[in-house]
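# Structural features, examined
For reference, the chains in residue letters:
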Amino acid sequence: MTTTASVISDQTWSRADLLACLQDRDTPLHFERCNFDEADLSRLDLRGAQFTLCNFAETSFDRALLSETRWAGCRARQADFGLADLTNARFQDCDLNNTQWTRAKLASALFTGVKLTGAHFAEVSALGIVFKDSLLVDAHLRSLSFRKQTLAQLDFSEADLSGCDFREAVFEGGSLRNAHLKLARFEGADLRDADLGGLRLANAAQFKGATISHRQAASLVEELGLRVV
């Protein structure tokens, strides 16, 4: 283990180890290349902590205090963030596939370059949450609001977007291919750069009031068996 000021690196942590460390520190900690795999970190106060290149596979953060935390290059497949407070947390280039976020507080949280395939965001408090350049394939995102956001390179393929609010959002690339869109709203949205593959006339009404390209419109017309020339 190497410790410089508040930076701790190259150590495997258990709950007991971390509790002892937190008791001896008055300032937020910065962990580098540390291993927390399968640890029970539920209810711990880690506000303001920084995690760089750390591992959290199947780690429990249930009800943990994680506001203002910073996560860079971390791997946390199947970690549980249920009921955790992640207000203003920042995730950069992390692997968060199949993570659970049920009823987490995610106000003003930012996810950039993050893998969230199969992630489950149920009943979260997410006012101001932002995703950029991230994979949300098969993610559960019901009822989240993306209203008036610029959505840059977000892959929502096969995601559950039921009840989501995309009004006046601008899609810069990304995909809605085969996404579940029941009751989603797109009035005023600009979808011209998005992949709408799998869209059928039966659910085209979901995009009422949105702007699509000539190419996208042609794909819908072709479903009727008409030729577009």
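Position numbers for residues count from 1 along each chain, tracking the sequence in the order it is written. Only residues with pLDDT of 70 or above have their local features reported here, since the model is predicted, and side-chain atom pairs are shown and tallied only from 80 upward, although totals for entire chains, interfaces and linings are computed over all residues. With hydrogens and water excluded, all non-hydrogen atoms of the structure serve as input to the side-chain values.

### Some thoughts on the environment of A39
In this description a helix means any DSSP run of H or I spanning at least four residues, a strand means any run of E spanning at least two, and both kinds are numbered starting from the N terminus. If you trace the backbone, A39 turns up in the loop between β3 (30-32) and β4 (50-52). Counting along the chain gives 142 residues from A39 to L181, while the straight-line C-alpha distance between them is 36 Å. Throughout, a residue-residue contact means that at least one pair of heavy atoms, one from each residue, lies within 4.5 Å. Setting aside residues no more than four positions away along its own chain, A39 makes contact with W13, T59 and S60.

### Regarding the nonpolar core
Formed by 70 residues in total, the largest nonpolar core has its most connected members in W71, W101, L106, F111, F156 and F186. What F186 contacts, discounting residues up to four positions off in sequence, is F166, R167, F171, L176, L181, L191, Q206, F207, K208, G209 and A210. Within this scheme, the nonpolar core is defined by two criteria: the residues are buried Ala, Val, Leu, Ile, Met, Phe, Trp, Tyr or Cys, and they are joined through side-chain atoms within 4.5 Å. We call a residue buried when its accessible area falls under 20% of the maximum for its residue type, exposed when it is over 50%, and partly exposed in between, using a 1.4 Å probe and counting protein chains only.

### Digging into the pattern of salt bridges
Opposite charge on two side chains permits pairing when their charged atoms draw close. Criterion for a salt bridge: a side-chain nitrogen of Lys or Arg within 4 Å of a carboxyl oxygen of Asp or Glu. Summed over the entire model, instances satisfying the criterion amount to 13 salt bridges. Linking R167 and D165 is a salt bridge whose minimum nitrogen-to-oxygen distance equals 2.7 Å. With respect to class, R167 is no different from D165; both count as buried. With a shortest N-O distance of 2.9 Å, R185 and E187 are connected by a salt bridge. A relative accessible area of 38% means that R185 is categorised as partly exposed. E187 sits in the partly exposed class, given a relative accessible area of 32%.

### Focus on the side chain of S162
With respect to the secondary-structure elements, S162 resides in the loop between β9 (150-152) and β10 (170-172). You can call S162 buried: its relative accessible area is 16%. When near neighbours in sequence (up to four residues on either side) are disregarded, S162 contacts R142, S143, H180 and K182.

### Points about the packing of aromatic side chains
By convention, a stacked pair of Phe, Tyr or Trp rings (six-membered ring in the case of Trp) has centres within 6.5 Å and planes under 30 degrees apart, an edge-to-face pair has planes over 60 apart, and any other such pair is tilted. Considering all chains together, one arrives at 30 aromatic pairs under this definition. A ring pair is formed by W13 and F36, whose centres lie 6.2 Å apart and whose planes are at 10°; its orientation type is stacked. Taken as a pair, W13 in the loop between β2 (7-9) and α1 (15-23) and F36 in the loop between β3 and β4 lie far apart in primary sequence, 23 residues in all. W13 sits in the buried class, given a relative accessible area of 6%. Classification of F36 as buried rests on a relative accessible area of 0%. Ring centres 5.4 Å apart and planes at 85° place the aromatic pair F31 and F36 in the edge-to-face group. No difference in accessibility class separates F31 from F36, as the two residues are buried.

### Focus: the confidence of the model for the chain
Per residue, pLDDT captures the predictor's confidence, and it can take any value from 0 to 100. Averaged over all residues, the pLDDT of the chain equals 92, while 93% of them reach at least 70. The model gives residues 1-5 a pLDDT under 50, and that stretch makes 10 contacts with residues more than four places away or in other chains.

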